[in-house]
Amino acid sequence: MARYIIRRLLVFIPMLFLLTLIIFSLAKAAPGDPLTGKQLDPTVSKEVYEIQREELGLNDPLPTQYWNWLSSFTSGDFGQSMYYNGRSVESLISSRLLNTVYLGILAYLITLAVSIPLGIYSARRPYSLLDNTATTFGFVGLAIPNFFFGLIGIYIFSIHLGWFPSQSTMSDPLLTGIPAFMDRLHHMILPAITLAMAGTATYMRYVRSEALDILGSEYIRMAKAKGMKERTVLYKHTLRNALIPIITLSGYEFGILLGGAVITEQVFNYSGLGMLFIESIVNRDYPVIMAINLLLGATILLGNLLSDILYSVADPRIRYD
Amino acid sequence: MQSNSNILQIEKLQTYFYISDNKVAKAVDGVSLSIKQGETLALVGESGSGKSMTALSTLKLINRPGKIVGGSIYLNGVDIVSKTEKEMESIRGNEMAMIFQEPMTALNPVFTIGNQLVEMIRRHKKVSKKQAFERAIELLRIVDIPRPDEIIHEYPHQLSGGMRQRVMIAIAISCEPKLLIADEPTTALDVTIQGQILDLLLEMQKKFNMSILLITHDLGVVAKYADEVAVMYGGQVVEQAPVKQLMNEPNHPYTVGLMSSLPSIKNPKNRLETIDGTIPPAYDFPLGCRFSTRCSQVMDRCIQAPPALYSLRDDHDVRCFLYEEGVAINGD
């Protein structure tokens, strides 16, 4: 097992390297640079920008620029933002990262809490009213884009009912302790539900079809023949087996959650990594773009590794050596 | 009709599957059986004859769109057809247990042998976890599993087919049921293991004074292990007799066909005989005798109306017009 994990981790290195190369090329292929947007200011002469460009190394040949970035990155220096007047990339990201992590965790908990019981109940009574309702909800959840669902949520629950705030991560930065936690949670609920929507629908469909298969299997009949209660048959014998593919799915869910967060955070003006990402793309803030991309890439790779490890825990027939 | 010495008495059981509005599969159609305490009744027939459905009906484990639509099932004198699902849960495993055909697919792959044994014991007996665990090890020892204290921590995929079937038997007898239903318990096993498993079943039967409903299509097994035999065809019992009686004197053309498709040492043949054709689907039985489409002695009346079950003597019944001079015991 340890050898397997080490081998997998070693494979990550070339993959991440390749990722930086692709992202760098794509970012550079977009027209303009960090100073393009600022050039509109008529009081600053063109020469000043040229000096700036020279200082930032934006006039160097592309391979040199890439090499400079890579060498400082591998020595542990993530570089400085080209837009926020030399603020370090590290401090920019760390100020936003936790907000996104909290949002992702809450969204994932909502996904699990809704999709598993709904999936199991749908499988227990296929084509019943509840199953059909859940299936409809599932397709609607998959079909409606995140941002649209977010806007509907804001319209109903913020503007009309006034239950949840529609903007920002907290209302008063001076709060501490439990009130601060509750305030943050209050702000997170709408974006988290929005973010959880697509995942919930997918998971529910997966749990339903898995459970439906398993409920027809011989070992479920055996469990019933042993006289096990229906609850035990469903939530022990069926669920435990239905979770095996779900665990595989959860590795990819990491990436989907983070990707979804980019849009959701924008809709709710939620100051997280996703918003920083969009800002840095708009501003062509290359060091920030590169760092966030690497972070997302590493998260997805680690998520997949974690799901493979969990897979072997959930299914005793799988062993890695 | 209910006799006290019978552990299980099934009367005119009907289990139908409502496939669509005008398509009803009569998987079990008026089956009557009885098993005395400590005896074995073999249910014989080819695939699709309704023998497995009869077994599952006995446990009331028929999945939709199937349903028990008629008849009674007396377990120790109590009719269980009217019992609720909750009541059935405490009967299943406790008063009657079942052994399935495929030991690989019938054991849950993600739980240890111990877990699957202990949950059964703790479901029906009021014992602590530790007591149940000790009992589980003892049960594994009873079914001749080597190293039971290690095997109990293993998963089904780590065991051989024969071992898994022994585990299944251990689970089935763990609450000392009065009735054991064994649905082709040796079909999935190597020939060398089959005998061992059947001998083990016989040993357990004596030890716990269990009655066994043995479902099989292997007439060799029937001859060796059963006391009574019921031959099923098209969801009905077509012949029923004590095992020696039936073996020596098969009457129904279907039973005769089954017998002659067996190899025999006394009369070696170059080619084994077969019964032409296949069993008709349960939603499309012929109007008359259900075997009439394949019977070598079919008569006009066989096609027009179904025969009743006629009694040749006290304990030998045949569903065939050839034996009509016997007394019809089943007015339908």
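The text that follows walks through the structure, step by step, so that each part is easy to find.

Turning our attention to the sheet that holds strand 5 (residues 78–79) of chain B. All names here are of chain B. Pairing in this open sheet of four strands is antiparallel, and the strands run 2-1-4-5 from one edge to the other. Two strands close off the open sheet at either side, each with one partner strand: strand 2 (23–36) and strand 5. Direction of pairing for strand 1 (residues 6–20) relative to strand 2: antiparallel, over a ladder of 11 bridges. Paired with L8 across the two strands is I35, which belongs to strand 2.

Moving on to the interface of chain B and chain A. Bring the parts together and some accessible area is lost; that lost area is often taken as the interface size. In this assembly, 29 residues from chain B lie in contact with 21 residues from chain A. Counting each side, the surface lost to burial between chain B and chain A is near 2,400 Å², with a carbon and sulfur contribution of 59%. Contact with chain A buries area across many residues of chain B, yet F100(B), V110(B) and E119(B) alone supply 23% of it, more than any other trio. On the surface where chain B and chain A come into contact, there are two salt bridges. With its nearest N and O atoms 2.8 Å apart, the salt bridge here joins E119(B) to K236(A). The tally of links from chain B across to chain A stands at 12 residue pairs in polar contact (both at pLDDT 80 or more).

Our focus in this paragraph is the packing of helix 1 (residues 2–29) of chain A against helix 11 (residues 286–314) of chain A. All names here are of chain A. Across the interface, helix 1 lies against helix 11 with an axial gap of 9 Å and an inter-helix angle of 150°. Compared by their axis directions, helix 1 and helix 11 come out roughly antiparallel. At the point where helix 1 passes helix 11, the crossing takes the right-handed sense. Its residues assigned to classes, the contact of helix 1 with helix 11 shows 19 nonpolar, four polar and three charged.

Rules behind the numbers
- Residues numbered from 1 in each chain as written.
- Chains lettered and ligands numbered in written order.
- Predicted model: local features only at pLDDT ≥ 70, side-chain atom pairs only at ≥ 80, totals over all residues.
- Heavy atoms only, no water.
- Pairing = 2+ DSSP bridges.
- Helix = DSSP H or I, 4+ residues; strand = E, 2+ residues; numbered from the N terminus.
- Contact = heavy atoms within 4.5 Å.
- Buried area = accessible area lost by both parts, 1.4 Å probe.
- Salt bridge = Lys/Arg side-chain N within 4 Å of Asp/Glu carboxyl O.
- Polar contact = N/O pair within 3.5 Å; in protein donor to acceptor, adjacent residues only side chain to side chain.
- Axes fitted to C-alpha atoms, helices over the stretch in contact; angles between N-to-C directions.
- Parallel < 35°, antiparallel > 145°, perpendicular 65-115°, else oblique.
- Left-handed = near helix turned anticlockwise from the far one by under 90°.
- Nonpolar A, V, L, I, M, F, W, Y, C, P; charged D, E, K, R; others polar.

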